[in-house]
Amino acid sequence: QVQLVESGGGLVQAGGSLRLSCAASASGRTLSSYTLSWFRQAPGKDQEFVAGLVWNGGSTYYGDSVKGRFTISRDNAKNTVYLQMNSLKPEDTAVYYCAARRGVTRRTMAREYDYWGQGTQVTVSS
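Calculation rules
- Residues numbered from 1 in each chain as written.
- Predicted model: local features only at pLDDT ≥ 70, side-chain atom pairs only at ≥ 80, totals over all residues.
- Heavy atoms only, no water.
- Pairing = 2+ DSSP bridges.
- Helix = DSSP H or I, 4+ residues; strand = E, 2+ residues; numbered from the N terminus.
- Axes fitted to C-alpha atoms, helices over the stretch in contact; angles between N-to-C directions.
- Core = buried A, V, L, I, M, F, W, Y, C linked by side-chain atoms within 4.5 Å.
- Buried < 20%, exposed > 50% of the residue type's maximum accessible area, 1.4 Å probe, protein only.
- Contact = heavy atoms within 4.5 Å.

Engineer: Teacher, can you tell me more about the sheet that holds strand 1 (residues 3–7) here?
Structural biologist: To summarise the sheet geometry, strands pair through backbone hydrogen bonds and adopt either a parallel or an antiparallel arrangement. On the basis of which strands lie adjacent, the open sheet formed by four strands has the order 1-3-8-7 and antiparallel pairing. Where the open sheet ends on each side, the last strands, each with one partner, are strand 1 and strand 7 (70–75). Averaged over neighbouring strand pairs, the angle between their axes works out to 20° when direction is ignored. Here strand 1 runs beside strand 3 (residues 18–25); their pairing, made up of five bridges, is antiparallel. By the bridge assignment, L4 is partnered in strand 3 with A24.

Engineer: Looking at this structure, how should I read the nonpolar core?
Structural biologist: The tendency in soluble globular proteins is for nonpolar side chains to be buried side by side. In this structure, L4, W38, L83, M85 and Y96 are the most contacted members of the largest nonpolar core, which totals 31 residues. Aside from chain neighbours lying at most four places away, what touches M85 is G16, S17, L18, L20, R69, F70, Y96 and V122. With six residues, the next largest nonpolar core counts F49, V54, A99 and Y113 among its residues.

Engineer: Explain the environment of F70 here, please?
Structural biologist: Among the structural elements, F70 can be located in strand 7. A residue is classified by how much of its surface remains accessible, and F70, at 3% relative accessible area, is buried. Separated by 14 residues in sequence, F70 and Q84 have C-alpha atoms that sit 5.5 Å apart. Once residues within four sequence positions are removed from consideration, F70 is found in contact with R40, V50, Y62, L83, Q84, M85, N86, L88, D92 and Y96.

This is the structure:
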């Protein structure tokens, strides 16, 4: 069982930055066998993969719409994954979810993730 708690959402102007955090707990076990990712969902749209991080080794991967603007990273000591979002656009407005799956291969489909946080709202004004 993995529990995920997101924080850091808010309202920002276009061109600004925000950093989201996702604190993960795995019942006292290491996250080394997990992949943690960020997804987002805007009103009326499907969930969209944003960024992923394979905990064992720290390799990262991104959705096309955020490449070059967003960075996913981790703090091993805190079991926390971050999403640094720069050059934000109004189309980045969505609820952002942290998700985890057991496995060390890159996956971008929401149905492949077993654990989800409650979500945090990001609103980018024009």
